[in-house]
Amino acid sequence: MDNTKDFRRSILVADAKAADRKILSEILSQQYDVIQTENGSEALAILRSRKGQISLLLLDLLLPEIDGYAVMESMIKDGELAKIPVIALTSEKSAEVKSLQLAAVDFLTNPFDTPEVILARVRHSIALNEQTKLIQSTERDLLTHLYTKEYFFEYAKQLQERNPNTTMDSLAINLTNFHLINEIYGRNFGNIILQTIAADITQLAEESEGIGCRYNADGFFLYMAHHWNYEKPLERIQFHLSELLKETEIHVRMGICQGTFRSISIEQSFDRALYACNSLRENFTSAFAVYDEKMHEEEVRKARILSDFADAVEKRQFSVLYQPKYNIHGEFPVLSSLEALVSWSHPEFGKMRPDTFIPQFEKNGLIQKMDKYVWKEAACQMRKWKELHGTTIPVSVNVSRVDLHDPKIVDYLLQITKENDIDPSQFLLEITESAYIDDNNILVETVKKLREAGFKVEMDDFGSGYSSLNMLATLPIDAIKIDIGFIRKIIYDKKTMYLVNVIIGIAKEFGIPCIAEGVETKEQLDLLKNAGCEIVQGYYFSKPISPEEISELRKKAIRQDI
Ligand code: C2E
Ligand code: CA
Ligand code: CA
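For the structure given in this document, a descriptive report is provided here. (Residues numbered from 1 in each chain as written. Chains lettered and ligands numbered in written order. Predicted model: local features only at pLDDT ≥ 70, side-chain atom pairs only at ≥ 80, totals over all residues. Heavy atoms only, no water.)

**Quick look at the coordination of the calcium ion (ligand 3)**
Alright, step 1. Taken together, D460 (OD), D461 (OD), E517 (OE) and E517 (OE) make up the protein donors of the calcium ion (ligand 3), found 1.9 to 3.1 Å from the metal.
Alright, step 2. Mapped onto the sequence, the donors of the calcium ion (ligand 3) take the spacing D-D-x55-E.
Alright, step 3. The distance between the calcium ion (ligand 3) and the calcium ion (ligand 2) comes to 4.1 Å, with D460 serving as a donor to both metals. Here the residue D460 occupies a position in strand β16 (residues 456-462), and E517 occupies one in strand β18 (residues 514-517), the gap between them amounting to 57 residues. Here D460 and E517 have matching classes, each one buried. (Donors = N, O, S within 2.8 Å, 3.2 Å for Na, K, Ca; no water. Helix = DSSP H or I, 4+ residues; strand = E, 2+ residues; numbered from the N terminus. Buried < 20%, exposed > 50% of the residue type's maximum accessible area, 1.4 Å probe, protein only.)

Pasting the structure below:
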C-alpha cells in the first residue's frame, strides 16, 4: 500500500535519545506526520488524547520514568490503545523477544538500517494492522463485540470439527418488546441493554467452551456444550436485565436445538432454535422452549402447506363458504349480505380453517393468488344465485394487505364483477385493520380508487390494532366491523361494552353502519341491538356454509317472508 497517496498518517516516536529521535523523524516525515516525545508517561498521555489518530508507535524500551514495557502493558489494559501497533526500538537482541511477547509487532535495532528499510518496515506494520482491524470489524459486531453471523457459523463449524465427541446445543435468545426500550428510553439505553445481554452471553460461552453471536438487533446465538439446565443461564440474563429495567415488561426468550440432531447443519440447528424461540411469542408462561418432534412436524406441515398450494388450486381443493350477516334494525333479522370465507380440503390434513394457512400465504405472496381465486369464485357464485333466485345478495370478500399494493387490483375486480354482471356496489371488500399500518399513502390511494370504481370498503377487525381511530379520519370507508375480541367480552366486561358503544357512536357520526362479528348468543345479540348496532354476523345465526345451504336459506327466507 502506498501511504503517500491517501491521507498522511501520524506516527508517535517515543525515544529517550534526542539524536535517535532526530534521525527517525527525518526519515519518517517524508511520508508521515511525526510526533515526538522523550518519556513514557508523556507517550501514554499523547496516545490517550489522540485516540484513533495515531497509526503507529515507535517505542524505545529504555525510556525514563515509565519504560517501554510498562507503556505496552498500560496500552494492553486500555483496550482501545492495544489496537495501535508498536515497533520496539532497542540495541539489545535479548529485549526483542520480550517486546514481541508483549505487544510489539516488529523491532528496529540501533544502529538503524537504511532509511528505505525503516520506511518499508513501518509501512508494512501499519498496513498489517489496518487489515487486521478491517477483518475484525466484519468479524465482530461493533456494539457488543460478539461474532457476526457469518463468522459465527464458520467458527461454530470449526469448533464442532475439533470436538467431534462433544454434544453441542444451539441456543437462540431474544427479547420481547425490545423496540419499546428504544422508544421509551432512547437508543443509548437500548444499547446498554444489548451490551448487558452480550456480556452474559460472552461469559456463558466462556464457561461452556462455546461461542456467541449477535444475529440481529436484539437477537443472539450461543453455541455451547450440551447443558440440561437452561433455566440458570436464562435467569442470569433476566436478573441483569431487571436490574436495569425495573418495571418495564421486557422478557428474555430462549429457543434450544439440542445436539442430538447431528445430522443437520449448524445453520439448520440455529433455524430450529429460532423456531423454538419464536414459538414462545404468544406464550407468557414459559421463557424457553426446546425444539422437539412436535415442532418438527409443525414445520414440515407449514412447508407442505406452501408447496401444496399450486396443486390445491388446480385440483380445486379450496372452496368458498359463506357466512350470513343479518340486519337487526327491525323487529325480525333480515339477511343483508354474506361474507366469503375460504376453506381447504387437504387430501392428507383434512378440512383446514383459514387461520392455519392464511398466515403462511401472507408471508410469501401466495395470498394474492388465493384471494383472486376466492374473489372470482364469489363473483361466479353471485351470478349463479342471481340466475337461481332472481335477486343478488351483496357478498363481502377479504382483501389482504399485499393485495392493496397491486396496481392492477381495481382493474381485476372490475373485470370479474363485469364478467358476472355484478354491480360493484354489491361486492364488498373487507380490509383488515392491520393492513392500514404499513404504508398509508398507497393504501389510502388504493381504497379511494376502489370506492371511485363503485366498490364498498369495510374496515375489518376494527379496534384490534393501534391505528383504528387515526385511519378513520384519513380513510374513506363504508362500514366498520368491530373486532371479534370485543364481542367475546361484552357480556362479562362492562368496559368492553362501553368501548363497543363508543365505536357504534363513531360509526353513526360518520354515517356508516357498524357490523358485529362473532355473535354466538342471544345475550350478545340483545346487548348489541340495544346499543344501536345494525348488522350482526356469527354462529348465533349461522356458521360459514356452502353455496347450496345458502340457497336453501334464501328459499326458506322467501317462504317465511323474512
Ligand atoms: P375474519 O375476516 O375476521 O373472519 C371471521 C372469522 O370469524 C371466520 O373465521 C369466521 O368463521 C369466524 N366466526 C364467525 N362467526 C363466529 C362466531 O360466532 N364465533 C367464532 N368463534 N368465530 C366466528 P375463519 O373462516 O376461520 O377465517 C379466519 C380468518 O381468515 C378471517 O378472519 C380472515 O382474516 C381470514 N380469511 C378467511 N378467508 C379469507 C380469504 O379468502 N382471504 C383472506 N385474505 N383472508 C381470509
Ligand atoms: Ca373478514
Ligand atoms: Ca374480522
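Okay, back to it.
**Things to note about the environment of T144**
Alright, step 1. In this fold, T144 is placed in the loop between α5 (115-139) and α6 (149-162).
Alright, step 2. Distance from T144 to A198, taken between C-alpha atoms, is 5.8 Å for residues 54 residues apart in sequence.
Alright, step 3. The residues contacting T144, other than those within four sequence positions of it, are L194, A198, R214 and F220.
Alright, step 4. Among the polar contacts listed, one links the side chain of T144 to the side chain of D141, at a separation of 2.5 Å. (Contact = heavy atoms within 4.5 Å. Polar contact = N/O pair within 3.5 Å; in protein donor to acceptor, adjacent residues only side chain to side chain.)

**Considering the coordination of the calcium ion (ligand 2)**
Alright, step 1. For the calcium ion (ligand 2), the protein coordination sphere consists of E339 (OE), N398 (OD1), E430 (OE) and D460 (OD), at 2.1 to 2.4 Å.
Alright, step 2. Between the donor residues of the calcium ion (ligand 2), the gaps in sequence give the motif E-x58-N-x31-E-x29-D.
Alright, step 3. Note on N398: relative accessible area 27%, which makes it partly exposed.

**Quick look at the packing of aromatic side chains**
Alright, step 1. Following the criterion strictly, the structure yields 27 aromatic pairs and no others.
Alright, step 2. With centroids separated by 5.1 Å and ring planes inclined at 75 degrees, the aromatic side chains of Y540 and F541 adopt a geometry described as edge-to-face.
Alright, step 3. The exposure class assigned to Y540 is partly exposed, which follows from its relative accessible area of 31%.
Alright, step 4. A residue is classified by how much of its surface remains accessible, and F541, at 22% relative accessible area, is partly exposed.
Alright, step 5. Linked through ring pairs, F152, F153, Y215, F221, Y223 and F270 together constitute an aromatic cluster.
Alright, step 6. The aromatic ring of F107 is capped on one face by R121, whose charged end is 5.9 Å from the ring centroid. (Phe/Tyr/Trp six-rings, centres within 6.5 Å; stacked < 30°, edge-to-face > 60°. Lys NZ or Arg CZ within 6 Å of the ring centre and 35° of its normal.)

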